[in-house]
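Descriptive analysis of the structure
One letter stands for each residue in the lines below.
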Amino acid sequence: MSSAVVSTPPLAQRLRGVAGSPVRDLLALLDRPEVISFAGGLPAPELFDLAGLRTAFDAVLSTDAGRRHLQYAPTEGNRDLRTLVAARMTAAGLGTTAEDLLVTTGSQQALTLIATALLDPGAVVAVEEPTYLAALQTFALAGARVVPVRSDDDGIDPAALADVLVRERPTLVYLVPTFANPTGRTLPVERRAAVAELAARHGVWVVEDDPYGELRYRGAAVPPLAAQPGAEDRVLHLGSFSKVAAPGLRLGWLRAPAGLMRALTVAKQAADLHTSTIDQAAAAAYLAAVDLDGHVRGLCDAYRERRDAMVGALPGVLPAGSTWSDPDGGMFVWVRLPGDVDTTELLRTALAHDVAFVPGAPFFAGTPDRATLRLSFTTNAPDRIAEGMARLGRALR
Ligand SMILES: Cc1ncc(COP(=O)(O)O)c(C=O)c1O
């Protein structure tokens, strides 16, 4: 055997410049019971419908017919599940059939499939600013160039988007129009109509990533971007069970224009053949058996209280000159501190006080605003939120 040291081939170029998710890296550091974390965007585990999900898994595995739910299955997904999801989407104002849907392994996989099917290296993706970190990672891994579009408290600015469409000629526009991660912002219906009209006029794809839309705590629902005139053959709409049932199911869905379904299905064949058969079957049994809307109403009641506990505490905690969002739904409050602050530095101080948040910088595709941070209010009960906010106040002093 030769004793010569042979170097291994380098990592793929596409990994260059793609950082690990500081949020996920951070979650590892927070694994101390004494830390009150407002960092992770996690649903409250005590609100998972453990009994309903156990009954659903039992139902599909308790008879001999259950064997087929342990077998390989079609890439598009479980037909009963697609039919049930389509019915819920139609009831929510977005007419959908089972054929319009591809079941995905979480909506995160839908982002990867979209990148595989639609983005060549060097393609341009336009995003609201700031935006969901793991979407930025996915587009970077695809070799795309991400261009931020000016956004305000109402989400992306259609006039700024119109400029970017002309100047940068993006292939795709990525948006979280309802209760966005990280800002909690919601795009008003007039802006949705304007975005759909721009997409149709410029021949660009739009991704409407919507894992939070059902978690509304006040006000009336805003119609989906995918339901706007002109959106039919332009908008890809992503949904997920993660925030309304449980993220561990890793079940999402992709509603795509008919002309894209084949390409997305091929991308999924190469990715994982299909999403877990048994999990899909259990989710279909769960949807058929339980009142999911009722369950979501219960989540909304609990999360509303938690949002109010957090937003109510902020004026007494943050320094004068701070600004923050008061979201109508979702999971996040977005904060901006006054002066020349770097919240990544501040996080060390916060952790010394046993409280955590996510610094805002990684959510920016362009120049980061280092004075921003994200707080999640869903994981902690109101009394823990009060204690965590008091610790944050001490850390900020
Ligand atoms: C905007 C956004 N899109 C997608 C996802 C991924 O969700 P899933 O669990 O469905 O993969 C998240 C998760 O936090 C998210 O915030």
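Look a little higher up for the structure.
Description of the structure in this document. Since we're looking at a predicted model, the values are computed, not measured.

What counts as what
Residues numbered from 1 in each chain as written. Predicted model: local features only at pLDDT ≥ 70, side-chain atom pairs only at ≥ 80, totals over all residues. Heavy atoms only, no water. Near = heavy atom within 4 Å. Polar contact = N/O pair within 3.5 Å; in protein donor to acceptor, adjacent residues only side chain to side chain. Areas by Shrake-Rupley, 256 points an atom, 1.4 Å probe, with all protein chains shown as cover. Nonpolar A, V, L, I, M, F, W, Y, C, P; charged D, E, K, R; others polar. Salt bridge = Lys/Arg side-chain N within 4 Å of Asp/Glu carboxyl O. Helix = DSSP H or I, 4+ residues; strand = E, 2+ residues; numbered from the N terminus. Buried < 20%, exposed > 50% of the residue type's maximum accessible area, 1.4 Å probe, protein only. Arc of directions from axis to C-beta. Contact = heavy atoms within 4.5 Å. Core = buried A, V, L, I, M, F, W, Y, C linked by side-chain atoms within 4.5 Å. Pairing = 2+ DSSP bridges. Axes fitted to C-alpha atoms, helices over the stretch in contact; angles between N-to-C directions.

**Points about the site of the ligand**
In the region of the ligand, 14 residues are neighbours, and Ser 107, Asp 209, Tyr 212, Ser 240 and Ser 242 sit closest. One of the side-chain nitrogen or oxygen atoms of Lys 243 is found 3.1 Å away from an oxygen atom of the ligand. Isolated, the ligand exposes 400 Å² of accessible area, and the fraction of that covered by the protein chains is 91%. For the shell around the ligand, the per-class residue count stands at 5 nonpolar, 6 polar and 3 charged.

**Re the pattern of salt bridges**
Taken as a whole and assessed by the stated rule, the structure comprises 22 salt bridges. The partner of Arg 145 in a salt bridge is Glu 168, and the shortest N-O contact between them spans 2.9 Å. Taken together, the residues span a long stretch of sequence, with Arg 145 in strand β4 (residues 145–149) and Glu 168 in helix α6 (residues 158–168) at a distance of 23 residues. Measuring nitrogen to oxygen at the nearest pair gives 2.6 Å for the salt bridge that ties Arg 336 to Asp 369. Remark: Asp 369 occurs in the loop between β14 (358–359) and β15 (372–376) and Arg 336 occurs in strand β12 (residues 332–336); sequence separation between them is 33 residues. Judged by relative accessible area, which is 23%, Asp 369 ranks as partly exposed. The structure contains a network of salt bridges with shared partners spanning Arg 32, Glu 34 and Asp 354.

**Side note on α6**
Among all positions in α6, only Pro 158, Ala 160, Leu 161, Val 164 and Leu 165 are buried. Angularly, the buried residues of α6 cover 150 degrees about the axis, an arc narrow enough to put them on a single face. Facing away from the buried side of α6 by more than 90 degrees, the exposed set consists of Val 166 and Arg 167. Tucked inside the fold, the buried residues of α6 contact β3 (124–128), β4, β6 (155–156), β7 (172–175) and α7 (189–202). Between a side-chain oxygen at the N-terminus of α6 and the backbone nitrogen of Ala 159 the separation is 2.9 Å; the capping residue is Asp 157. Arg 169 sits one or two residues past α6 and shows a positive phi near 50 degrees.

**A word on the nonpolar core**
Counting 87 residues, the largest nonpolar core has Leu 161, Phe 241, Leu 375 and Met 389 as the members making the most contacts within it. Among the elements that make up this core, the one with the highest residue count is helix α10 (residues 292–317) (10 residues). In this structure Leu 161 touches Ala 126, Val 149, Ile 156, Val 173, Val 195 and Leu 198, once residues within four positions along its chain are discounted.

**Concerning the sheet that holds strand β8 (residues 205–209)**
Spatially, β2-β10-β9-β8-β7-β3-β4 is the arrangement adopted by the 7 strands of the open sheet, whose pairing is mixed. What marks the edges here is a single partner per strand, and that holds for β2 (101–104) and β4. With strand direction ignored, the average angle separating the axes of adjacent strands in the sheet is 20 degrees. Of the strand pairs in this sheet, β2 and strand β10 (residues 252–255) are connected by 4 bridges, and their pairing is antiparallel. By the bridge assignment for β10, Leu 102 is matched with Leu 254. This element, helix α3 (residues 79–91), spans β2, β9 (235–240) and β10 of the sheet and lies at about 115 degrees to β2. Those strands touched by helix α4 (residues 106–118) are β2, β7, β8, β9 and β10, and its axis lies near 155 degrees from that of β9.

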